Each structure stands twice: as C-alpha cells, then as structure tokens.
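This is what each chain is made of:
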Amino acid sequence: MSRVSRAASRLRFFASRNPSQPHLARQSPAFLYQSTLRERHTIAQASPLLSHPKERSAGAAYHASVNQQLVERRNEIHRQKRQARQKSLDADRERNLKLRHIFRESSTSSDGVPPMFAVKVVACPTLRSELKMNGREKRGRMFVERPQGEANAQEYACNSVKALRKTIHEFFRRLKKGQYILSASLPTLDEEGNVLTHEDPAIMDGVPNNHTLFGTLPLESDSDVQRAFAEADDFFFKHRSLNETSALKRPTIVLHVTKDPDAPLPPPPPPYLEHMADPRASPTMTMLSFYAFPPGGIPDADATADSLRRLWRPFGALGRIYVAQEGVNAQMAIPSNVLDNFLDCCTLPDEKGGKLSDVLGPYMENGINVDPMPVDMAEFRSNPAFKNLHVRVRSQIVADGFETPLDWQSAGYDMPPLEWHQKIKESKMANETGQSNSLPIVLDCRNDYETQVGKFDLAEPLGTTNFRDSWEVLKNRLKDTPKDAPIMRAKRRETAYCTGGIRCVKVNAYLTQELGMTNVSRLAGGVIGYDRTLSEQRPDEEPMFKGVNYVFDGRMGRRITNDKLGTCYTCGAKTHLVTNCKNDNCHRRMVQCEHCQDAFYGTCSSACKTRVVNQLRGHEEAELEEEKVEYDSIDDYTRAHSTPRRPLLAEIEKNTASFLPTGAHMVSGDAQGSLLTTLASMTRHGRVLEIGTFTGYATACFLDGAATAGDLSEQSLPGTPEGGPFVLSLERDRRALGVASCHIGVMAKHGLGEEGSKEAAKLREKGTVDFDGDSVSFTYSCADCELLQTNDALATVEEMAKGQSKYSPFDIVFVDADKTRLYQYVEALVSNDNVLRKGGLILVDNTLWKGLVLDAARGYDSEDAAPQDKKNRRARKLASKMHRFNSAVVKDARVEVLQLSLRDGLTMIRKI
Ligand SMILES: C[S@@+](CC[C@H](N)C(=O)[O-])C[C@H]1O[C@@H](n2cnc3c(N)ncnc32)[C@H](O)[C@@H]1O
C-alpha cells in the first residue's frame, strides 16, 4: 500500500467514526493525503510528543518525567489493590470472630433459644455453573444471627429481604444483583438429622418430606422472610420436643437461590469470539508481531495495557507487549486455531464490534506479521518462545535515548518487500558486473549479534550493541552523503531495515528529521515481513537475506537460508546460532556453535560454566536445608551439621552404659571422637599412644584415623610396635579392658559400619566380658592396635621414655587417665623424643573440669564447698589442680598450646 493510499484509508476510517466529516469518505486519495498532512500539522501543534523537535521545548520536560509518573501510578494502583484486599480480609475476620463469639456465648446461655439460624444455601444448576463456586459455597452452610432485644431490627438477615440479600452476596461473592430470586423451605432430614437438599438421593428416591409446613416460600417481602424464619423456629422446637435425641442443634432453613428467568440477558460476546474454537485444543502455536504508532499517541497507557490483557485473555495468547504513550510493540504466540479470531479482535473497526481501533487497527504499520510456519504444540512446550502474557507499560516501546521524541509519522518511504527484493537483486547484479557507483546504501540497523548470523546481500551493519548507539554511527557514516537528492527519482537511495520494521521507523525519522536526508526508504515489515512475503508470493526466488533472522523470543532466530555467517564466540567455528550465557550474572548475548553450547553448559566461558555448575549444586543443598528444625542447644546444632558418626561407635556408648554405667560419662563421645579420628588421620605415620583405654571408644576412633594415615602413605603392610600405623592403649582396669578388647575385636572383624554395630549389640546379651593375659592385638585395615594392661600408665610411659621399649615414637599421645599427674605425663613426653616424636601432639582431656577451672582461677577452692558436700569438694580440688596444670603448661617454652572448649575441654600441646 502506498503512502498516499495508506493515509487515505486512515482518513476514511476517521470519517467513518466522525459523522461531522462524512465528505472525507468520498474524497480522492490525493486530496486525502494532503488532508493527512494538514491533520498531522494540527495534531503536532497540540501534542508535544508529535511536533518537530525544534518546535517543542515543553516536550522535553514531559518526556523526562514520564518514567517517574509511570512508576508512581503503578505504585498507586498496587496500593489501592492491597488496601481493597486487606479490607475484605478484615471484614471476613471480623465476621468469623463475631460468629465464634456468639457460638461461645450460646453454650453458656440458659434460656434455651439458640442465637443463630443454620442456613443451607442451595444454588440452582445454572448458577452453580456460572458462579464457579468454591468448596464453602458448594457445601452451602452459613449462619444467620437472631435479633437480640429489638425483634424488628431490619439489619438482621432473618428480618428483611435487603439484609438477607446482603448476607447472600457475602456468601456468593460472584453473584450479580438482579440476576436471581430467593425462596425458602424447611429442611428435609435423614435419620441422623442431616439436612437433605433436592439433589440428595434420599429425596430423589421419593422419601417423603416429613414436615412440609409451607412448601417452598418465595422471599419477596420482609414479611415473607420473617415468616420463613419463624417457621424454622417452630419446626426446630417441635422436632426437639418430639425427638429427645434430635441432631438439630439450632433452627434450620433451606434457602434456594435460583436464576431469575426475567433477568436481563448479559451482553452478547463480541463477534470475534462467536463460535471460537477452544484455544487449549490447538495443535500448533503461531508466532506473530506488530507495532503501532497511533497519530494521537496513547493518552492512558495503563488503561490500554489493562484492556489488552482483558481482551486477549480468551485467546490463550502468550507474549511480551510494550505499551507506551508513543504506541504499542508486540511479539506474541497465539494458538493457531483461534488466530483468525485474534486478528479480528486487533483489527476490526468499532462498528463491527472491534475494541482496539483507537490504538491498533488502522495504525498498525504494515499490519500483523504472522509467521507462516506454526510451531507444533509439543515443540513449543519444550522450548517456549513465551511462557506468559506480559503486557507492560514503558516510557517508550523501543528505547531510543532521545530526550525529545521525533515525529514517527514522518519516517521515509515504506518500501514493499517485493520491491525491496528486486532492488537488492539488481544492486547485487550491478555490483557483480562492476557498476558499484549506482548501488544504494543499505543500512542494517540491528545490533551486532543479529547481523553476525544473518543479513541482506550488500547490507552495511551499523555494528552497535545497543539501539541507542545508532545515532552517532549514522551521523558519521552519512556525513559526506548529499542531502538534496530528489525523492523517488534518484537511482541512489538510502534504505534501512531491521527485524520487524519498528527500529527502522525511528532510524528513518532520524535520517529525515535530524540529518535532513530526503530520499530515505525502509523495508516495510522488516525482515519478518520480507521472509513471509517472499515465501508466499515468490516461493521459487532465492532470498536476498542470507542466514538467520534473529527474533526477540525464546526461538532466538528463524532460519531463512542455510548459510552460516556467524563465528562461534568460544571456538571460532562457523555457525548460525545466537544464545545468551546461562550464567545469570553474565548473560552475554553471543554467537555460539552447538558443540560449544553443550561443552560449556550454555555459558560463554569456563569461568561461567563453573559458576553455573556450583549454582546447581547450591540449589540442591538449599533444597535439603529448606526443612525447618528447632535445635535444643548449640551442641545439638553442631551435631546436626556434622557427618553422623559410624554405627559401631554409637553401640560402644550403649555397651559402656550397660557394662560400666558409673563411668559412662567418661567416653570421648561424638564430636571429640571425630576430632581424634581426624587428627590421627593427619599424622605422618599414624602412630598413637592412648593413656586410659576404658571401653575403647577413643581407641576405635584413633585406629580408624591411623588406618587412613596408613592408606595415604601407601603403607602396604599393617603397622607394628616398631613402625607404621599403630595404636597402643594403656589401661589398668581389667573389666574395662575386657569390654574394650571386645569392641576393637568387632571393629577389626566387621568394621565400624552396620555389621560391626550389630555384632557389638550382641555383647550386651552376654552380660560379662573378661580380659585374659596382659595384652591383646588386632589388625584393622593397614593399622595395628594393642591394648596393654598396666597398673600405672605413668610408670609405663616413663619406662618407655628411657628408650628401652619395643615401641618406636608416636605422633600423638592422648592423656586421658589419672588427672592429678598431668604435668608428669607431659614432662615424660616432652623431655625426650623416645615416646613422642619431635613435632608430635599431646592431647589432654577434661582440662576445663566441668567449667570449675573458672572458679579455681578466681581463687575459689575446695574449702568453699560445704563440708558435707564431698563430691563438690573433690571436684573443686581437682579443678584447682587442673587450673595449675593449665597455667603451667601454657608457660612451658618447649611446647605450643591450644585449649579448646570442646566438651569438657581438650588441650592440644605441640612439642616444638
Ligand atoms: C576417662 S577414662 C578413658 C576414656 C577413654 N579414653 C575414652 O575416651 O573412651 C580414664 C581411664 O583411665 C584409667 N586409668 C586411670 N588411672 C590410670 C592409671 N594410672 N593407669 C592406667 N589407667 C588408668 C581408668 O581406669 C579409666 O578407664
């Protein structure tokens, strides 16, 4: 359609809507075109948005504040919605509270008259389907308050039609006034006293209504309502006096809400919705796009956005639509079976039932661009171009960065796709035959990632990454181009194109209005329109556009020819694919080949790939943590966030409680046991000496760690007293050693897992365990363990310290026996390297002595405890000793000390 005839059709449209100017509809296209220019001039005078830049200083301030106004307006709408929702919630809450209060009162009232009527509300089938009722409405059970004191008060639902209707509206929120009639009947009860309605099988089956006092009473006046509720009272009291075990707790009435046959009919659906197919049944989706720059602009973008949402909802439309004062820009997917209805909705004039003719219809530049290849629904669902219908209000439909907008109505010649095709074809031939001086300038005003994968032959990409950068590039590119070439006659013509045509409108407006170019044209409908027209009208012609036309939806591109023009960002191979980096913090839009998309998990680099992988792991962990747990103490919390201990260790604790209950508190336990395992596993040789075996809990932990140290040093044979991973544990108590030897024996044979734990549990059935001989040895993995009975561990250690024992030096010594001679142990270990190697670690347990070291440090001693409190006196005495040890060892220059407040205090002393 030429510029003149397009303008003429617009004015005819105006004329059809404006009876005061019927003459317009009869005029010739040339006259109408002149009228359009005059009309545009008038509108430009009135509208700062449409006037020429040099004539509108007021427009600048307006445009700068447009964003702010939009935000404020949106906030205001949200605030009002929130307030309305809150008001409705408050009303519900108040009503429920009142009901609860009345019920509570009724249980204590003594006059025997229930304060509420139970009302069963039954809607007729037509209303049931119209109202889309929720569960509460379907059950139809509500309560109506009985008047207190003033019996005739009109605000009670059981006293007046008005109040009853108000109560019904609160119950059925979707019920429209004047659409229904009300009637009442007394309840029909089953044997258990449940109210039956006319749909219940018992009534359907013909069980007689046992108390039809007034049948069904129409509720037309206040006296009808009062009579119905009075009958309900009578029925209740009679029923109660006849039937002692009556299930009726209060007077009950059935209210029938029936569609009024005389109610005015709802307005008929618009013609484009008549006989429309179900969009959910569509086997395909059709992609489309359009834009419109209505000459008067869109005065209320919010209202327009709302009406677009409302009008397009029945089609199951998806897409991204921007609405601004300057116009509408839409990229959409429509179920193909309702496509014609949708097109009618957007394009029908008012008199034919259209609703959008003031913003779309005649103002859509080049109509609606419909993709000729519908997408199969399964394919669409697996890779949706759009997931929702987003209609958003923006300050502009394409952000151009101008402080004051140009006149989008004056944007050069709209060249039809076939003319464009012919021109490019001729230019290409001219170029090939060396006639380059007559070639047009063809500007590709899309972004660089778009032009990299597809463009017209001979086109010059602007090379911008953002549309806003185009102006500077254009200014430089055309600075030497003559501006006075006559329109339509010159062989040389500046032309521009983009994806759907909308950006060209702005580019051409800039070329004509700001750069003064007089011979500018643009590809009508952009590349999408070109592709569609060529495939429909010249299917045999070779397209002049090569490669992929990038589109702004989930498809990312539509292939027009098989040419691979792009260069993969990550490997440099030729490709036609454009993608976004999947790392949300990067989101780089890039050309990337299929192979690299797989190899880099859809990201642009190894760094982004690592980020995405870590993020996925993070999500998995976060899902695990989502469970809400209350912890009793910080120990409880740390336990929950540590790897659970091995099953055999838990069984050792149970056995200890069973065999040696008075010493059960002495085992190292969960957290300390794990620490001992970790420390042993980190030693160079996995050699540990434990002083004080008790039932073997810490021994098992050390042995587990020592075996790991052996694994790490690739020790092939188990350690021995002379070298390699080896745990020696000293104990004087034979009973304790008996239990310990059973535990370590089970560990050596069955491991620390479930099997070991089952075997250990069997020990409790035995009752007693003995220890024969002086020592016993076990092999666990690549570590050996010896349990040695000794009457005095300190003497044994001192003997070893002389360097005459078979045991070569240890990496760790755990001092956990008699607590009164700690410093002697440390002295025996530090003064020589025969028992503990240089750099080795001494661990001393219970160095906080139940926290009493704090009192000891303040000078509090055993004398401060009551004379009869022997236990306390002993504890304080030991705490004083422990404090003296702690104070002395930290000053010893031969060692470095770290005291941990773990459990009862664990001091780590490193021999330097
Ligand atoms: C606190 S328990 C050891 C707990 C063990 N280390 C654990 O963590 O499961 C102390 C043990 O040292 C032993 N013991 C105390 N004085 C001793 C000594 N002079 N010689 C050898 N063993 C001694 C006790 O019989 C007792 O079994």
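Keep in mind that this is a model prediction, so the values were computed, not measured.

Engineer: What am I meant to see in a positive patch on the surface here?
Structural biologist: Together, Arg136, Arg139, Arg141 and Lys249 give the surface a local cluster of positive charge. For lysine 249, a relative accessible area of 65% corresponds to the exposed category.

Engineer: I tried to follow the sheet that holds strand 32 (residues 895–900) on my own but got confused; where do I start?
Structural biologist: Strand pairing in a sheet relies on backbone hydrogen bonds. The paired strands run either parallel or antiparallel. An order of 28-29-27-26-30-31-33-32 is seen for the eight strands of this open sheet, with the pairing classed as mixed. Each edge of the open sheet is held by one strand with a lone partner, namely strand 28 (775–780) and strand 32. Taken over all neighbouring pairs, the strand axes of this sheet differ in orientation by 15° on average, direction set aside. One ladder, built from four bridges, connects strand 26 (residues 687–691) with strand 30 (residues 810–815); its direction is parallel. By the bridge assignment, glutamate 690 is partnered in strand 30 with phenylalanine 814. Across the face of the sheet, helix 26 (residues 822–830) comes into contact with strand 26, strand 30, strand 31 (836–845), strand 32 and strand 33 (906–911) while running at roughly 170° to strand 31.

Engineer: Please clarify how helix 16 (residues 526–537) should be interpreted in this entry.
Structural biologist: For an α-helix, the turn length of 3.6 residues means that residues three or four places apart are oriented alike. For helix 16, with 12 residues, the first-to-last C-alpha span of 16 Å sits near the 16 Å given by 1.5 Å per residue. Of all 12 residues that make up helix 16, nine are buried, and the element is covered over most of its length. All of the buried residues in helix 16 are Gly526, Val527, Ile528, Gly529, Tyr530, Asp531, Arg532, Thr533 and Leu534.

Engineer: Mind showing me how you'd approach the site of the ligand here?
Structural biologist: Around the ligand sit 19 residues, and of these Ser668, Glu690, Gly692, Glu731 and Asp816 come closest. Serine 668 has a polar side-chain atom sitting 2.8 Å from an oxygen atom of the ligand. Interatomic distance of 2.6 Å between a side-chain N/O atom of glutamate 731 and an oxygen atom of the ligand. Here the ligand has 600 Å² of accessible area as a free molecule, and 94% of this is covered by the chains. Taken together, the residues of the shell around the ligand break down into eight nonpolar, three polar and eight charged.

Engineer: Explain the packing of helix 12 (residues 417–432) against helix 16 here, please?
Structural biologist: Packed helices, taken two at a time, are described by their axes: the angle between them and the distance between them. Here helix 12 crosses helix 16 at 90°, and the two axes come no closer than 9 Å. It follows from the interaxial angle that helix 12 and helix 16 lie roughly perpendicular. Where helix 12 abuts helix 16, its residues Pro417, Leu418, Trp420 and His421 lie against Gly529, Tyr530, Thr533, Leu534 and Gln537. A per-class count over the contact of helix 12 with helix 16 returns five nonpolar, four polar and no charged.

Engineer: Got a minute to help me understand the pattern of salt bridges in this structure?
Structural biologist: One pass over the structure, following the stated rule, counts 31 salt bridges. Glutamate 170 is the salt-bridge partner of lysine 166, the closest N and O atoms lying 3.9 Å from each other. Taken together, the residues span about one helical turn, with lysine 166 and glutamate 170 both in helix 6 (residues 161–171) at a distance of four residues. Take lysine 166: its relative accessible area is 56%, and that puts it in the exposed class.

Engineer: Which parts of the structure should I look at to understand the packing of aromatic side chains?
Structural biologist: Each aromatic ring pair is described using two quantities: the centre-to-centre distance and the angle formed by the ring planes. For the structure on display, the rule yields 19 aromatic pairs. Clustering of aromatic rings is evident, with ring pairs tying together Tyr272, Phe290, Trp312, Phe315 and Phe342. Of note, arginine 165 hangs over the ring of tyrosine 180, and the distance from its end group to the ring centre comes to 4.4 Å. One residue, lysine 850, lies across the ring of tryptophan 849, its end atom 4.3 Å from the ring centre.

Engineer: Whenever I open this one, the pairing of strand 19 (residues 520–523) confuses me. Can you help?
Structural biologist: Remember that side chains alternate between the two faces of the sheet whenever the strand is regular. Residues of strand 19 alternate between two faces, with Val520 and Arg522 on one and Ser521 and Leu523 on the opposite face, all of them buried. Note that strand 14 (residues 413–415) and strand 19 share three bridges and pair parallel. By the bridge assignment, methionine 415 is partnered in strand 19 with leucine 523.

Engineer: What am I meant to see in the environment of valine 895 here?
Structural biologist: Structurally, the position occupied by valine 895 is in strand 32. By relative accessible area, valine 895 is classed as buried at 7%. Each C-alpha atom of the pair valine 895 and isoleucine 909 lies 6.1 Å from the other, and the pair is 14 residues apart in sequence. In contact with valine 895, not counting residues within four places along its chain, are Val830, Val889, Ile909, Arg910, Lys911 and Ile912.

Engineer: Which parts of the structure should I look at to understand helix 14 (residues 470–477)?
Structural biologist: Every buried residue of helix 14 is accounted for by Ser470, Trp471 and Leu474. Looking straight down helix 14, one finds its buried side chains confined to an arc of 95°; they lie on one side.

Engineer: Hey, could you run me through the sheet that holds strand 7 (residues 252–259) in this one?
Structural biologist: Taken in spatial order, the five strands line up as 2-1-7-3-6 in an open sheet, and their pairing is mixed. Of all the strands in the sheet, the pair left with one neighbour each is strand 2 (141–145) and strand 6 (217–218). As judged from the two bridges shared by strand 3 (residues 180–185) and strand 6, these two strands associate in the antiparallel manner. The partner of serine 183 across the bridge, within strand 6, is proline 218. Packing against the sheet, helix 6 makes contact with strand 1 (116–123), strand 2, strand 3 and strand 7, and its axis sits at approximately 105° to strand 3.

Engineer: Whenever I open this one, the confidence of the model for the protein confuses me. Can you help?
Structural biologist: Any residue range with low pLDDT should be treated as having predicted coordinates unsuitable for detailed reading. Per-residue pLDDT for the protein has a mean of 81; in total, 81% of the residues score no lower than 70. Scored below 50 in pLDDT, residues 201–213 makes 17 contacts in the model with residues more than four places away or belonging to other chains. Taken as a whole, residues 485–493 scores under 50 in pLDDT and shows 22 contacts with residues more than four places along the chain or in a different chain.

Engineer: How should I be thinking about a nonpolar patch on the surface in this particular structure?
Structural biologist: On the surface, Val629, Tyr631, Ile634 and Tyr637 cluster together into a nonpolar patch covering about 390 Å² of accessible area. As for its position among the elements, valine 629 is in the loop between helix 18 (606–625) and helix 19 (634–640). Taking the relative accessible area as the measure of exposure, valine 629 reaches 44% and is therefore partly exposed.

Analysis parameters
- Residues numbered from 1 in each chain as written.
- Predicted model: local features only at pLDDT ≥ 70, side-chain atom pairs only at ≥ 80, totals over all residues.
- Heavy atoms only, no water.
- Patch = residues over 30% accessible without salt bridge, like charges linked within 9 Å, V, L, I, M, F, W, Y side chains within 5 Å.
- Areas by Shrake-Rupley, 256 points an atom, 1.4 Å probe, with all protein chains shown as cover.
- Salt bridge = Lys/Arg side-chain N within 4 Å of Asp/Glu carboxyl O.
- Lys, Arg positive; Asp, Glu negative; His and termini not counted.
- Charge placed at Lys NZ, Arg CZ, Asp CG, Glu CD.
- Buried < 20%, exposed > 50% of the residue type's maximum accessible area, 1.4 Å probe, protein only.
- Pairing = 2+ DSSP bridges.
- Helix = DSSP H or I, 4+ residues; strand = E, 2+ residues; numbered from the N terminus.
- Axes fitted to C-alpha atoms, helices over the stretch in contact; angles between N-to-C directions.
- Contact = heavy atoms within 4.5 Å.
- Expected span 1.5 Å × (residues − 1).
- Near = heavy atom within 4 Å.
- Polar contact = N/O pair within 3.5 Å; in protein donor to acceptor, adjacent residues only side chain to side chain.
- Nonpolar A, V, L, I, M, F, W, Y, C, P; charged D, E, K, R; others polar.
- Parallel < 35°, antiparallel > 145°, perpendicular 65-115°, else oblique.
- Phe/Tyr/Trp six-rings, centres within 6.5 Å; stacked < 30°, edge-to-face > 60°.
- Lys NZ or Arg CZ within 6 Å of the ring centre and 35° of its normal.
- Arc of directions from axis to C-beta.
- pLDDT = per-residue confidence, 0-100.

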